[in-house]
Amino acid sequence: MGVWLEGSTLAKEIKERVRDEVSKIKAERNEVPGLAAILVGKNKASQVYVGMKQKNCERLGLYSEVLTFKENLDPSELKKKIEELNHKDQIDGILVQEPLPQGFSSHEVAKTILPEKDVDGLNPCSLGHLLRVESGLRPCTPLGIMELLKSRKISIKGKEVVIIGRSLLVGKPLSIMMTNAHGTVTVCHSRTENLPKVASRADILVAAIGRGAFVTPDFVKEGAVVIDVGINHLTDKAEAAEMFKEPEKRLQDIDKKGYTLIGDVHPSVIDKASFLTPVPGGVGLLTVAMLMHNTLKAYKLRRG
Ligand code: NAP
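Model, not experiment: these values are computed from the prediction. (Residues numbered from 1 in each chain as written. Predicted model: local features only at pLDDT ≥ 70, side-chain atom pairs only at ≥ 80, totals over all residues. Heavy atoms only, no water.)

Participant: I'd like a description of helix H2 (residues 44-60), backed by residues and values.
Facilitator: Helix length check: H2, at 17 residues, gives a terminal C-alpha distance of 25 Å against a target of 24 Å (1.5 Å per residue), a fit within 8%. Looking only at H2, the buried set comprises Ser 46, Val 50, Lys 53, Asn 56, Cys 57 and Leu 60. Taken down its axis, H2 places every buried residue within 120° of arc, on the same side. In H2, the exposed positions that point more than 90 degrees away from the buried face belong to Lys 44, Val 48, Glu 58 and Arg 59. (Helix = DSSP H or I, 4+ residues; strand = E, 2+ residues; numbered from the N terminus. Expected span 1.5 Å × (residues − 1). Buried < 20%, exposed > 50% of the residue type's maximum accessible area, 1.4 Å probe, protein only. Arc of directions from axis to C-beta.)

Participant: Which residues make up the pattern of salt bridges, and what values go with them?
Facilitator: For the structure on display, the rule yields 18 salt bridges. One salt bridge connects Lys 237 with Asp 255, and the closest N-O pair in it is separated by 2.9 Å. One end of the pair, Lys 237, is in helix H9 (residues 237-243); the other, Asp 255, is in helix H10 (residues 248-257), and 18 residues separate them in sequence. For Lys 237, a relative accessible area of 38% corresponds to the partly exposed category. (Salt bridge = Lys/Arg side-chain N within 4 Å of Asp/Glu carboxyl O.)

Participant: Report on the domain arrangement of the protein, specifying residues and quantitative values.
Facilitator: Domain boundaries assigned for the protein yield domain 1 (30-114) and domain 2 (140-284). The gap between the C-alpha centroids of domain 1 and domain 2 is 28 Å. (Domains from an automatic or database assignment.)

Participant: Describe the packing of H2 against helix H11 (residues 283-303), listing the residues and the values that go with them.
Facilitator: Relative orientation of the contacting elements H2 and H11 amounts to 55°, with a least axis distance of 10 Å. Our classification of the angle between H2 and H11 gives oblique. In this structure, H2 meets H11 at a crossing whose hand is right-handed. Across from Met 52, Lys 53, Asn 56, Cys 57 and Leu 60 in H2, the residues of H11 making contact are Val 288, Leu 291 and Met 292. Within the contact of H2 with H11, the residues separate by chemical class into six nonpolar, one polar and one charged. (Axes fitted to C-alpha atoms, helices over the stretch in contact; angles between N-to-C directions. Parallel < 35°, antiparallel > 145°, perpendicular 65-115°, else oblique. Left-handed = near helix turned anticlockwise from the far one by under 90°. Contact = heavy atoms within 4.5 Å. Nonpolar A, V, L, I, M, F, W, Y, C, P; charged D, E, K, R; others polar.)

Pasting the structure below:
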């Protein structure tokens, strides 16, 4: 049986490092790094994520602003707001919470954020820096995965890496980071033929799909490191009882909230993998930690 690769210890370490540096900056320069989060519409999950990011900022001593707008906001108004934040000295990082309502273009939004304040790392300039292996702000989730592997001394050099999912948010930037770290990378998607066969080549397998428990043991080579990025809601108690060896907590979750969070990887993969990140408690914790790290980095890049 493999080991659960928790994200909590590393996330705590990263956040402590940020908190210490922020308090030093405050003492020496009487200023603090600032993050602005923009939320458009009423998506419940987005509200939770933005709230969590704001709470983290407060705990680490960062300045934070949350701007909320109704979903009938005109895209040109959003552009104007971002441009105002681009010019606001107190703000070092700007993030626009996805998904945006219909009528908004994520690409336009990412392009409007100044690369120096692009803490999500999705501006074409930031992505260009990643491709060219130049310094810059990197997308938080892939960056968190790279840090997690590094913290466990899991080497990527020369390894077969298979990433399922090719989104701009996770799969594509991670494939570049893994390539830059000398992995031999295969990116899979919904049109990949014979996915279990391709996936089972991997020494390091990453699932970023958005389909609960999709990756079963037949996708996994014995002893592989498996990183589960997915966040899905499971609402069926019978399915939860069957999926988990110790389902009590999951069943309580469903009773209380109507769902329990599961990843893209079936928990039984732990019996075949050497490491598997849990959901919740794995990659998600690192995504938030890396956002705090990126806000501090953006401050340092811009304000010296
Ligand atoms: P996305 O934009 O919807 O991309 C999903 C990818 O999975 C696409 O490339 C899609 O292929 C591929 N895919 C879908 N069904 C497939 C199938 N049957 N076989 C093979 N590939 C398939 O999603 P995302 O933003 O990357 O997010 C993926 C998951 O990670 C979601 O559950 C999301 O909530 C979660 N997430 C978690 C964090 C975190 O911090 N833990 C951060 C971001 C996202 P095509 O390109 O061919 O359509």
